[in-house]
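Overview (structure and organization)
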Amino acid sequence: MAHIHLILLSTLIFSVNAQFELFQMVQQWPPATCTNVLCARSPSPTRFTIHGLWPANYTKRYLVCRQRTKFSETIQGFAALEPLLTYHWPNLKRGKDKTFWRKEWNKHGPCSENVFNQVQYFQTALNIRTNPRYDLLAILNAAKLGPTGNTSRQYQVIKNAIQAATGKKPGLRCNVNKNTKQTQLHEIVLCFHKDGATLIDCPFADCPPRFAFYLSTSF
Ligand SMILES: *[C@@H]1O[C@H](CO)[C@@H](O)[C@H](O)[C@H]1NC(C)=O
Ligand SMILES: *[C@@H]1O[C@H](CO)[C@@H](O)[C@H](O)[C@H]1NC(C)=O
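Notes on the structure follow. The structure presented is a predicted model; accordingly, all values stated were derived computationally and were not measured. (Residues numbered from 1 in each chain as written. Chains lettered and ligands numbered in written order. Predicted model: local features only at pLDDT ≥ 70, side-chain atom pairs only at ≥ 80, totals over all residues. Heavy atoms only, no water.)

1. So, the site of ligand 2
- In the region of ligand 2, the neighbouring residues are Asn 150, Gln 182 and Phe 219.
- At 2.5 Å, a side-chain N or O of Asn 150 approaches an oxygen atom of ligand 2.
- Protein chains bury 36% of the 360 Å² of accessible surface belonging to ligand 2 in isolation. (Near = heavy atom within 4 Å. Polar contact = N/O pair within 3.5 Å; in protein donor to acceptor, adjacent residues only side chain to side chain. Areas by Shrake-Rupley, 256 points an atom, 1.4 Å probe, with all protein chains shown as cover.)

Right, dumping it as structure tokens:
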């Protein structure tokens, strides 16, 4: 009987964990977020900030987590991360940063909980964001591809610059700027092995061949 339970249990754990194969580290360009939603700070920060760390698999970029461990503010070790999270993972919209962290964790975190608990998950995102090798704005500025006024950028050129600097293919996500109606660079995705540290090619891409990359909400 115990033996059967063990088999059932391991099948269950396997089916819960099987789907998660990689992380998408999604960083947003605040001016591109804040042209379309009401943001708390004006002007928007002009540095990439974290949107989320999303467990994915090669066929499905948004996984629905079966485990449902809720975000905890009081879990041991979390308070120590808050100053860096406040800087790198701010809630651009009105509201508390913690509300954003809670939403992101509750939606995505439990999908990779077999590898990282809540504290490790947020620490992993911070490790990536603060690693100078992955400083996206520095990479783009060095390649003279930083944000500007109304200059159009090419997908291949931006992708190639990041790939040349990091060694792996990023994913680019765009949205439509409500004011100019132009498609604009909104987010850059770096993909990682499930260890959260080994960079891999991103299997997903969203932007069209050309788009704008505005320096501010009013470019
Ligand atoms: C990827 O995730 C989808 C949706 O949850 C699932 O149907 C599929 O089996 C997963 N693929 C792998 C290889 O785990
Ligand atoms: C920005 O550039 C696009 C494409 O070159 C052009 O169609 C658009 O009119 C420009 N918008 C402004 C406000 O200059």
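Now that the structure has been shown, the text picks up again.
2. Here's the deal with the environment of Leu 185
- Looking at the secondary structure, you find Leu 185 in strand 5 (residues 183–193).
- Here Leu 185 falls in the buried class, since its relative accessible area comes to 1%.
- As a C-alpha pair, Leu 185 and Leu 172 span 13 residues in sequence and 7.2 Å in three-dimensional space. (Helix = DSSP H or I, 4+ residues; strand = E, 2+ residues; numbered from the N terminus. Buried < 20%, exposed > 50% of the residue type's maximum accessible area, 1.4 Å probe, protein only.)

3. Describing the pattern of salt bridges
- A full pass over the atoms with the stated rule returns seven salt bridges.
- Between Lys 98 and Glu 73 there is a salt bridge, with its nearest N and O atoms 3.6 Å apart. Note that Lys 98 is positioned in helix 4 (residues 97–108) and Glu 73 in the loop between strand 2 (49–56) and helix 3 (82–88), a separation of 25 residues in sequence.
- For Lys 98, a relative accessible area of 23% corresponds to the partly exposed category.
- Two residues, Arg 173 and Glu 187, come together in a salt bridge whose shortest N-O distance is 2.8 Å. Of this pair, Arg 173 sits in strand 4 (residues 171–176) while Glu 187 sits in strand 5, and the two are 14 residues apart along the sequence. (Salt bridge = Lys/Arg side-chain N within 4 Å of Asp/Glu carboxyl O.)

4. Considerations on the state of the cysteines
- Evaluation of the coordinates by the stated rule reveals four disulfides.
- Across the disulfide from Cys 174 sits Cys 207; the S-S distance is 2.0 Å. With the S-S dihedral at roughly 105 degrees, the linkage between Cys 174 and Cys 207 falls on the right-handed side. Placement of Cys 174 in strand 4 and of Cys 207 in the loop between strand 6 (199–200) and strand 7 (210–212) is noted, with a sequence separation of 33 residues between them.
- By relative accessible area, Cys 207 is classed as buried at 11%.
- Across a sulfur-sulfur distance of 2.1 Å, Cys 191 and Cys 202 are joined as a disulfide pair. In this structure, the disulfide formed by Cys 191 and Cys 202 twists by about 105 degrees around the S-S bond and is classed as right-handed. One end of the pair, Cys 191, is in strand 5; the other, Cys 202, is in the loop between strand 6 and strand 7, with eleven residues separating them in the sequence.
- Using a relative accessible area of 0% as the deciding quantity, one classes Cys 191 as buried.
- Taking only the cysteines that form disulfides and numbering them from first to last, the protein chain has the pattern 1-2, 3-4, 5-8, 6-7. (Disulfide = S-S within 2.5 Å.)

5. So, the pairing of strand 5
- Among the eleven residues in strand 5, nine count as buried, and that is most of the element.
- Across seven bridges, the pairing between strand 1 (residues 22–28) and strand 5 is antiparallel. Among the inter-strand pairings, Gln 27 is bridged to a residue of strand 5, identified as Ile 188.
- Here six bridges tie strand 4 to strand 5, and the two strands are oriented antiparallel to one another. In the strand pairing of strand 5, Leu 172 is matched with Ile 188.
- Connecting the antiparallel pair strand 4 and strand 5 is a turn made up of six residues, with Lys 181 showing a positive phi of about 65 degrees.
- Where strand 5 lies against strand 6, two bridges are found, and the strand directions are antiparallel. Each bridged residue has a counterpart across the sheet, and for Phe 192 the counterpart in strand 6 is Leu 199.
- Taking the residues between adjacent antiparallel strands as the criterion, strand 5 and strand 6 are bridged by five residues, where Gly 196 takes a positive phi near 75 degrees. (Pairing = 2+ DSSP bridges.)

6. What about the packing of helix 4 against helix 5 (residues 118–130)?
- Between helix 4 and helix 5, whose axes approach to 12 Å, the crossing angle comes to 110 degrees. The angle between helix 4 and helix 5 falls in the class roughly perpendicular. Between helix 4 and helix 5, the residues in contact are Trp 101, Glu 104, Trp 105 and His 108 and Gln 118, Tyr 121 and Phe 122, respectively. (Axes fitted to C-alpha atoms, helices over the stretch in contact; angles between N-to-C directions. Parallel < 35°, antiparallel > 145°, perpendicular 65-115°, else oblique. Contact = heavy atoms within 4.5 Å.)

7. Details of the side chain of Asn 175
- In this fold, Asn 175 is placed in strand 4.
- Of the residues examined, Asn 175 reaches a relative accessible area of 15% and is grouped as buried.
- A polar side-chain atom of Asn 175 sits 3.0 Å from the main-chain carbonyl oxygen of Ala 32.
- Dropping the residues within four chain positions of it, Asn 175 is found in contact with Ala 32, Asn 36, Gln 182, Thr 183, Gln 184 and His 186.

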